[in-house]
Amino acid sequence: MYKPTFPEYAQVNDDMSVYGPKAHQRVISKLNSGLGPLFYREHCIQLEPLPETMLDEGQASPVPDLILYDNTARTTPIIIEVCHTDGLRKDLKKVIALLEADDYGIQEGFVYDYIAAQWYRYSKGDGGLTQSTSFSEVLQLDLNQFL
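The structure presented is a predicted model; accordingly, all values stated were derived computationally and were not measured.

1. A short note on the nonpolar core
Then, number 1: One finds Leu31, Leu35, Ile80, Leu139, Leu141 and Leu143 to be the most contacted residues of the largest nonpolar core, which totals 21 residues.
Then, number 2: Elements with a contribution of two residues or more to this core: helix 1 (22–40), strand 2 (66–70), strand 3 (75–83) and strand 4 (108–113).
Then, number 3: By residue number, the principal contributor to this core is helix 1, which donates 6 residues.
Then, number 4: Discounting residues that sit within four places of it in the chain, leucine 143 has contacts with Leu31, Leu35, Ile80, Phe110, Trp119 and Ser134.
Then, number 5: Counting residues in hydrophobic clusters, the runner-up holds 16 residues, among them Ile67, Cys83, Leu98 and Tyr104.

Here you go:
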């Protein structure tokens, strides 16, 4: 009789779990489907929207809900996190830390709380202070229009 060499629970004890309630995924989908045509068809924005994409493909890196990637400069000028009100503080800290670390060329970070329907914007060098806005200075457009 075959006996596996790993514990039975190894298959279910995976720390790569995904937390993606429908409301959370719906916001990501709307942002991606709104920004995508502006990049792919109309060519009126220079940043490619990519959902759930690693910031650095060469190593393990944070995975924001949506990145806007500059294929020419090979940087990620904008990241967007979508959250539930209970996770807001954690996501704001994550976005601020990523911008201030300056590892990926991120200039703007957004957090959208889909329960409160509230946007928060952080720009590099803002000293930990966020603005309650969905307007991207980099793109020169309001992200909330896609929701």
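2. With respect to unusual backbone geometry
Then, number 1: Its identity is not glycine, yet glutamate 52 carries a phi of approximately 45 degrees, on the positive side.
Then, number 2: Tracing the sequence through the fold places glutamate 52 in the loop between strand 1 (48–51) and strand 2.
Then, number 3: For glutamate 52, a relative accessible area of 39% translates into the label partly exposed.
Then, number 4: Positioned with a positive phi, arginine 74 is a non-glycine residue whose angle comes to about 55 degrees.
Then, number 5: On the secondary structure map, arginine 74 appears in the loop between strand 2 and strand 3.

3. What about the confidence of the model for the chain?
Then, number 1: For the chain, the average pLDDT comes to 84, and 84% of its residues sit at 70 or higher.
Then, number 2: Across residues 1–17, where pLDDT falls below 50, the model places 1 contact with residues more than four positions away in sequence or in other chains.

4. Section: the pattern of salt bridges
Then, number 1: In total, this model carries 2 salt bridges according to the counting rule given.
Then, number 2: Lysine 94 is the salt-bridge partner of glutamate 81, the closest N and O atoms lying 3.0 Å from each other. Here the residue glutamate 81 occupies a position in strand 3, and lysine 94 occupies one in helix 2 (residues 88–101), the gap between them amounting to 13 residues.
Then, number 3: Since its relative accessible area comes to 27%, lysine 94 is described here as partly exposed.
Then, number 4: The salt bridge partner of glutamate 108 is arginine 121, with a shortest N-O separation of 2.7 Å. One end of the pair, glutamate 108, is in strand 4; the other, arginine 121, is in strand 5 (residues 118–123), and 13 residues separate them in sequence.

5. Here we look at the pairing of strand 2
Then, number 1: With respect to burial, strand 2 is a largely interior element, 5 of its 5 residues being buried.
Then, number 2: Sheet topology places strand 1 next to strand 2; 4 bridges connect them, and they run antiparallel. From the neighbouring strand, glutamate 48 faces strand 2, where its bridge partner is tyrosine 69.
Then, number 3: Where strand 2 folds back onto strand 3 in an antiparallel hairpin, the turn is made up of 4 residues, including arginine 74, whose phi is positive at roughly 55 degrees.

6. Notes on the pairing of strand 5
Where a strand is regular, its side chains alternate between the two sheet faces.
Then, number 1: Within strand 5, 5 of the 6 residues are buried, which leaves the element mostly enclosed by the surrounding structure.
Then, number 2: When strand 4 meets strand 5, the two strands line up antiparallel, connected through 6 bridges. By the bridge assignment for strand 5, glutamate 108 is matched with serine 123.
Then, number 3: What sits between the antiparallel neighbours strand 4 and strand 5 is a turn of 4 residues, in which alanine 117 has the positive phi angle 50 degrees.

7. Looking at the sheet that holds strand 4
Sheet strands line up and pair through hydrogen bonds in the backbone, either parallel or antiparallel.
Then, number 1: Pairing in this open sheet of 5 strands is mixed, and the strands run 1-2-3-4-5 from one edge to the other. Every other strand in the sheet has two partners, leaving strand 1 and strand 5 as the edge strands with one partner each. Adjacent strand axes in the sheet meet at a mean angle of 20 degrees, parallel and antiparallel pairs treated alike.
Then, number 2: Against the sheet, helix 1 touches strand 1, strand 2, strand 3, strand 4 and strand 5, its axis set at about 155 degrees to strand 1.

The rules we used
Residues numbered from 1 in each chain as written. Predicted model: local features only at pLDDT ≥ 70, side-chain atom pairs only at ≥ 80, totals over all residues. Heavy atoms only, no water. Core = buried A, V, L, I, M, F, W, Y, C linked by side-chain atoms within 4.5 Å. Buried < 20%, exposed > 50% of the residue type's maximum accessible area, 1.4 Å probe, protein only. Helix = DSSP H or I, 4+ residues; strand = E, 2+ residues; numbered from the N terminus. Contact = heavy atoms within 4.5 Å. pLDDT = per-residue confidence, 0-100. Salt bridge = Lys/Arg side-chain N within 4 Å of Asp/Glu carboxyl O. Pairing = 2+ DSSP bridges. Axes fitted to C-alpha atoms, helices over the stretch in contact; angles between N-to-C directions.

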